[in-house]
Each structure stands twice: as C-alpha cells, then as structure tokens.
Amino acid sequence: MTERTMLYGKGDVFVYRTYATPLTGIAMIPESDFKGRSNTILGMDIQVSLAGEAFFTSFTEGDNSKVVATDSMKNFILHHAGEYTGSTMEGFLAYVSAQFLKKYDHISSVDMSGKQFPFEAAMVGSDAGVQESETVFREGVLEKPGVTLSTGRSESGEAKLNALECSVHDLHLIKVKGSSFAGFIRDEYTKLPETKDRPLFIYLNISWTYKNMDDAFGDQPELYVAAEQVKHIAQTLFHQEASPSIQKLIYDIGIRVMQRFPQLETVSFESNNRTWETIRDEIPASKEGKVFTDPRPPYGFQKFTVLQEDVRREEGRS
Ligand SMILES: O=c1[nH]c(=O)c2[nH]c(=O)[nH]c2[nH]1
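Only a predicted model underlies this, so the values are computations on that prediction, with no experimental measurement involved.

**Student:** What is the right way to read the domain arrangement of the chain from this model?
**Tutor:** A common way to state how big an interface is: give the accessible area lost once the parts meet. Assigned domains of the chain: these are domain 1 (8-166) and domain 2 (167-317). Inter-centroid distance (C-alpha atoms) of domain 1 to domain 2 is 28 Å. Listed as interface residues are 32 residues of domain 1 and, on the opposing side, 30 residues of domain 2. Summing both partners gives a buried area of about 2600 Å² for domain 1 against domain 2, and 57% of it is carried by carbon and sulfur. In this assembly, domain 1 and domain 2 are joined by 4 salt bridges. Between Arg256 and Glu31 there is a salt bridge; the shortest N-O distance is 2.7 Å. Joining domain 1 to domain 2, the criterion identifies 14 residue pairs in polar contact (both at pLDDT 80 or more). Those elements that provide at least two residues to the side of domain 1 that touches domain 2 are helix 3 (89-103), strand 6 (144-153) and strand 7 (159-181). When grouped by side-chain class, the residues that make up the side of domain 1 that touches domain 2 number 16 nonpolar, 8 polar and 8 charged.

Rules behind the numbers
- Residues numbered from 1 in each chain as written.
- Predicted model: local features only at pLDDT ≥ 70, side-chain atom pairs only at ≥ 80, totals over all residues.
- Heavy atoms only, no water.
- Domains from an automatic or database assignment.
- Contact = heavy atoms within 4.5 Å.
- Buried area = accessible area lost by both parts, 1.4 Å probe.
- Salt bridge = Lys/Arg side-chain N within 4 Å of Asp/Glu carboxyl O.
- Polar contact = N/O pair within 3.5 Å; in protein donor to acceptor, adjacent residues only side chain to side chain.
- Helix = DSSP H or I, 4+ residues; strand = E, 2+ residues; numbered from the N terminus.
- Nonpolar A, V, L, I, M, F, W, Y, C, P; charged D, E, K, R; others polar.

So this is what it looks like as structure tokens:
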C-alpha cells in the first residue's frame with residue numbers, strides 16, 4: 001500500500017528561555033575542557049509537526065474542527081519553555097512533545113527538531129582582570145547543537161519516544177598543513193595531482209544516537225553527550241592525525257567519539273571538502289607561507305555512520 005504524508009506544523013519557533021537549570025555534572029573527557037552550560041540563555045530555533053488520522057478531513061473537506069492552529073502550536077511551545085525544569089534542548093523537546101499528546105487526544109504523533117544558539121559569555125574587563133560576563137553573551141553563528149525527535153503513543157495512549165538523534169552542525173575546520181590525498185584511481189579522467197601536504201578545509205555535520213534515548217535529556221548528566229564535546233573530539237583528531245583522506249579522518253573521529261561515549265549507538269558524519277586552491281606554493285619572505293583562495297564549485301562530500309561494532313573491530317586490532 002502506498003503511504004501518504006499528512007502532517008502540519010510550525011517552523012522557526014524562536015525560543016529564548018533565560019535562567020534555565022544549568023547543565024552541570026557531565027563526564028569530562030581528555031579532548032575537551034567543556035564542563036557544562038550555564039543556560040543563562042537557552043536559545044532555540046524549533047520546528048514542530050503534528051500528525052494523526054483526525055486531520056484527514058481538514059485536508060479533504062476544509063473541516064477545521066480538529067485543527068490546532070499552527071499559531072497556537074507556537075504559543076504552546078513558548079508557554080512550556082517557562083514550565084520546563086530540565087537543562088537541555090533535547091529534554092525540552094521531549095517534554096513539549098509529551099505535553100502536546102497529553103493536551104490533544106486526537107494527535108497520534110509529534111515530530112520536533114531544534115537547533116540551539118550557542119550563546120557564549122562575553123569576555124569583559126573588571127578589577128579582577130578579564131572575566132566572563134554573567135549577563136552579556138555573544139551569539140555564535142556556526143556549530144549549533146541540534147536534535148530531531150519523534151514521539152507517538154503507547155498502547156495505553158501515553159507519549160512514547162520513538163526516535164531521537166542529536167547533532168552538531170556547521171563545523172568549519174581548516175588544517176593548514178599535514179594532510180595528504182594520494183593513491184586514488186588514475187585513469188583517463190584523472191586530472192587531480194596526488195598531494196602530500198594539502199590545506200584541508202572541511203565542513204562537518206555530526207549526529208549521534210543513544211542506545212537509551214532518555215540519556216539525551218541530561219537528567220543523568222554523566223550520561224549526556226554534549227555537542228561541544230563531540231566538536232572538541234573532532235578538532236583534536238584533526239589536529240593529531242596526518243589524514244590520508246576525509247573518509248579516514250571522519251572514521252577516526254567517529255571511533256574516538258564512540259570510545260569516549262559507549263552509551264551511544266551510532267555516530268554519523270556528513271562532510272564537505274572545501275580545500276583551498278593553492279595560488280602561491282612558495283613566497284620569498286616566509287619559510288612555510290603560501291597563498292590560497294577558495295575552491296571553485298563543485299565540492300566533494302562524504303557520509304558515513306560509525307557503529308559500536310567498528311570500535312570492537314578496532315580494539316581487536318590493537
Ligand atoms: O579526502 C578526499 N577524499 C576524496 O574522495 C577526494 N576526492 C577528491 O577529488 N579529493 C578528495 N579528498
């Protein structure tokens with residue numbers, strides 16, 4: 001049978017909750033000095049969609065009697081931002097999804113996703129030296145923590161989380177030397193020279209799933225995996241490794257993430273190759289300096305999911 005899509009919802013619901021419960025007590029890892037989030041500003045760009053057979057006649061007949069206006073969905077989310085007592089976007093979206101199902105009997109499932117604004121304390125001068133401000137924050141543009149989740153009902157009608165995936169988007173990392181790419185097929189289509197030392201610029205989206213989805217809420221902070229920690233692992237591996245390709249680099253980042261966080265089931269990557277074009281390989285005044293420019297389109301990409309079985313295979317090898 002062909003399944004139809006039928007849902008509706010609201011996008012770009014911007015929520016700024018101040019003085020939410022701080023995230024503290026996470027497990028520290030060697031790659032990261034990240035200790036938690038003050039949540040002085042918990043800022044989120046949220047999308048919600050509702051689904052259920054009850055909405056069929058709103059599409060076919062124009063019968064709005066069961067329609068929760070998308071404007072009301074936005075108000076519902078904003079209201080509950082003031083009710084949420086936890087410390088993570090993941091927990092907030094799971095909480096709001098369950099509240100939607102509790103409030104409206106005729107909804108059968110709720111999908112939500114969010115991107116969190118990485119507000120960072122601004123550094124400010126004071127009598128004690130330069131310190132983090134408690135009230136002024138810089139809004140980061142890149143490297144947003146994200147989550148996508150899908151909630152249905154159990155047989156008894158209670159909210160039941162069916163899927164949850166966390167992510168960090170838009171890491172843009174450049175390593176100025178120490179990356180190579182060689183040994184690929186050379187045939188009549190090959191123009192790319194082998195490189196022993198390329199300025200490797202990558203865009204990365206990383207996403208991860210937990211074995212137990214509830215661990216993503218931060219209620220047991222020692223099991224929570226912060227996007228900041230995943231980002232710091234990616235940076236550390238890029239720094240440490242003389243990568244032979246982006247494929248191997250993302251695999252190694254994934255293995256390290258899985259080793260640090262055995263509570264995860266998968267870590268997935270989407271990478272773009274934005275390697276700069278070399279304009280001047282040598283310049284007179286500098287031993288190592290070169291001149292580069294942005295690459296021309298098109299760009300290359302890779303996608304790969306690392307599983308716990310990959311970690312077991314790697315550990316069996318060493
Ligand atoms: O890391 C890389 N992987 C590739 O598959 C590839 N292909 C290419 O042209 N450059 C690169 N770089």
